[in-house]
Protein chains: 2
Amino acid sequence: MKNLLVAQSGGPSAAINATLCGVVEKGLADKNIDKVYGAQNGIIGILAERMVELNALLSNPQSLQLLCQTPSSALGSCRMKLSHWEESTFEFEKIISIFRKYNIGYFIYIGGNDSMDTVHKLSEYCRLRKINDICIMGAPKTIDNDLMETDHCPGFGSAAKYIATTFSEIACDCNVYALPAVTIVEVMGRDAGWLTASSVLGRINGDSAPDLIYLCEKPFSVDGFLRDVREKLGEKHAVVIAVSEGIKNEAGEYITDCLQDRTTDAFGHKILAGAAKYLEEIVRQEIGCKVRSVELNLMQRCASHVASAADIYESRLLGMAAADYAMAGGSGKMAAIKRISTKPYQFEIEFVEIEKIANQVKTVPLKWIHEQGNDVTQEMIDYLLPLIQGELPCTYENGVPVHFRLF
Amino acid sequence: MKNLLVAQSGGPSAAINATLCGVVEKGLADKNIDKVYGAQNGIIGILAERMVELNALLSNPQSLQLLCQTPSSALGSCRMKLSHWEESTFEFEKIISIFRKYNIGYFIYIGGNDSMDTVHKLSEYCRLRKINDICIMGAPKTIDNDLMETDHCPGFGSAAKYIATTFSEIACDCNVYALPAVTIVEVMGRDAGWLTASSVLGRINGDSAPDLIYLCEKPFSVDGFLRDVREKLGEKHAVVIAVSEGIKNEAGEYITDCLQDRTTDAFGHKILAGAAKYLEEIVRQEIGCKVRSVELNLMQRCASHVASAADIYESRLLGMAAADYAMAGGSGKMAAIKRISTKPYQFEIEFVEIEKIANQVKTVPLKWIHEQGNDVTQEMIDYLLPLIQGELPCTYENGVPVHFRLF
């Protein structure tokens, strides 16, 4: 009999607890597993021996359901990368000794790029040291959808559904007055534009926003942007625009850095304003119509009340698959989604070498962005659509969603 | 046989179409009404004769249901006030002539303070000119909840439910890291703090946010704020704060104006940043921990996918009541909600003189704000709670809510 350990890492999402749920369910159901532990705050919690026994806390279906509708990491998270063992073996030795102390045979780490780096280093360390009785697996998570070797990432579908829903509602909001107005909505993503691209689904049922979409993969030209906005204002009075927070100019500099000069009249010094705020100022100065900016901010990653059923389902399955694979003796891989077909949507779960994933970023293919750089293609829509399907019943009390707290 | 006219005015909300729905349902059901017209963009659309016949468009239950889950004003809106008739009777004469042309016997105007000013002037003009065959009624709407003579305003409950839900989710999001961090969330409301106060309901099921609440009714002291934040950071690592966009200092100046000097290091010139952004910069400079700001922005008034069932129900009833009252010969009043009891929640609809409402603002009673000005009382919670109760089924297609378009 061995014990299973699970931990969460990286930025919050609406689905990371569904993956935790899948891992725990498998651990509880397996007769060869004694205890299921969760480490608080990821790898930091392992090093600090902050372990929580989850068996009793998560043994009833209602707790598991509430866990799945709770955004963010119920175990807490961290942003810590292990040093390389050639530089220092201290952290590795400490982790292994704690694993021994708690009789951990299986460790599942749920997270994004940095977390997969941890899985990679830890499993490599075990392999080199011939520690064969500890299996270490990764389960993906990131709203940014930028992990390699998986069709998409748990958490992305729910964020995309929130973004699409919000654009469809903002379309209604912005259309009410018969006056020219520009609304610039900033979506998360510094290096990958997947989330911004998902704004296109706001139009799927005939709502009018977004009118223009700018991803960080394609160089952003302020003059081209102003031309696009003027053209749209010639066609309709309310123009709604989606921009990635990470849009960059031809030289690869963030717009928020290189626009400092152009907006000197409005902003004297470098301030911590986002891309949309800068573009708002540019439109105000150069076009002069009513203009405002909106940041979807934290809401896009934690709005679990409008989570995608497809996303929560797949996230749970990936947690289960990672646990199963580890309990069968597998190590050093990440459970991933392979898309078999788009229409109808079909996928299977596969297990990919962790070194193909750690520290890399999957960006939006340029062929899925319009040549003019101000919209996305039908292929992008076809890719995105299955990921936001389905609504889940959400348990409310007192008119507010109920969340699950492990501690 | 006469015709009924309805129009919408002022800022969007998630419930103003439910009131439209109630008016139209009553108009369609009354055997003395021939046609139900909607004017596009409020009083402007009446003056421009942009009338839409609604009978066929809204005669089936599915359209009415979709209309109720569509945020913003389906008929479009405007921000126009009529001149006083002692200055110019032109607009009044024009409106009455158009009413005659379309055989309008009943006009229901749905909106906030400015719209009730229009109802007041138009009904007074008719009374003075002895035009007795045109009945003019107001139906309230404003997410700000600042209309006099009604316990609360349609649209407020849905905005409050969105705000409470979002704070409960942001609480989960902010608690993940074991590091000190401050999150400042700005809520709409320049003169009345009702929306900001509703953030308190984010705590109703045990979630931890907001930790501090600052309404615009009480003078805001930056030093007191910093003291509060430091004290909270002594108790817990993640501090979440709700602030009204309209917080003012002791002299009654907006914080966004008077903080310009204090933040000169960060902001050189006057910029169009909100209160939360300024406070973010203050916390960064004076406390130095991780800090970010979030604006709930348009989402708080258009997130109809998470509308309050109580709000949508009451909004529809108020539309029905205003139409009924007009069709029975009443004029110059607004349908309003009178709370009979809070536990259990009971209300009735009454009709109040429009001059008691037009151009006035109902602010949060100071006795419902903690003495220190950084939280609200149990009385406030008791007042708010009934208004956010119940969730409505929302029709989705392709994973995104469906909205109704009249044109």
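Residues numbered from 1 in each chain as written. Chains lettered and ligands numbered in written order. Predicted model: local features only at pLDDT ≥ 70, side-chain atom pairs only at ≥ 80, totals over all residues. Heavy atoms only, no water.

If you check an unreviewed UniProt entry, chain A appears there as Pyrophosphate--fructose 6-phosphate 1-phosphotransferase from Anaerotignum propionicum DSM 1682. UniProt's Pathway (unreviewed entry) comment on chain A is quoted here verbatim: "Carbohydrate degradation; glycolysis; D-glyceraldehyde 3-phosphate and glycerone phosphate from D-glucose: step 3/4." (UniProt positions renumbered as here; feature names shortened; annotations may be inferred.)

A. Just the UniProt feature "binding site: substrate" (unreviewed entry) in chain A, in detail. Residue and element names in this part refer to chain A. Mapped onto this numbering, the UniProt entry gives "binding site: substrate" (unreviewed entry) at Thr142, Ile143, Asp144, Met188, Gly189, Arg190 and Glu245. Beyond its immediate sequence surroundings of up to four residues, Ile143 is in contact with Pro12, Ser13, Pro154, Gly155, Phe156, Ala159, Met188, Leu195 and Arg301. Summarising the element assignment, Asp144 is placed in the loop between strand 5 (135–140) and helix 6 (156–174). With near-sequence residues (within four places) excluded, Asp144 lies in contact with Gly189, Ala192, Trp194 and Leu195. (Contact = heavy atoms within 4.5 Å. Helix = DSSP H or I, 4+ residues; strand = E, 2+ residues; numbered from the N terminus.)

B. View of the sheet that holds strand 4 (residues 104–111) of chain B. Residues and elements named next belong to chain B. The seven strands lie next to each other as 3-2-1-4-5-10-11, forming an open sheet whose pairing is mixed. Of all strands in the sheet, those bounded by a partner on one side alone are strand 3 (51–53) and strand 11 (346–353). Sheet twist, expressed as the average angle between the axes of neighbouring strands with direction ignored, equals 30°. On top of the sheet, helix 5 (residues 113–128) reaches strand 4, strand 5 (135–140) and strand 10 (333–341); it is set at about 165° to strand 5, its chief contact. (Pairing = 2+ DSSP bridges. Axes fitted to C-alpha atoms, helices over the stretch in contact; angles between N-to-C directions.)

C. The arrangement of the packing of helix 1 (residues 16–29) of chain A against helix 12 (residues 309–327) of chain A in detail. Residue and element names in this part refer to chain A. Viewed as axis vectors pointing N to C, helix 1 and helix 12 meet at an angle of 40°, and their least axial separation amounts to 7 Å. With respect to helix 12, the axis of helix 1 lies oblique. Seen from above, helix 1 lies across helix 12 with right-handed handedness. Listed contacts from helix 12 to Ala18, Thr19, Cys21, Gly22, Val23, Glu25 and Lys26 of helix 1 are Ile312, Ser315, Arg316, Gly319, Met320, Ala323, Asp324 and Met327. Of the residues belonging to the contact of helix 1 with helix 12, the class tally is seven nonpolar, four polar and four charged. (Parallel < 35°, antiparallel > 145°, perpendicular 65-115°, else oblique. Left-handed = near helix turned anticlockwise from the far one by under 90°. Nonpolar A, V, L, I, M, F, W, Y, C, P; charged D, E, K, R; others polar.)

D. Local environment of the relation of the copies chain B and chain A. Overlay of chain B on chain A (RMSD 0.0 Å): rotation 180°, translation along the axis 0.0 Å. These values place the two chain copies in the arrangement generated by a two-fold rotation axis. The fraction of interface residues of chain B whose copies in chain A are also interface residues reaches 99%, indicating that both copies meet through the same surface. (Least-squares fit on C-alpha atoms with pLDDT ≥ 70 in both.)

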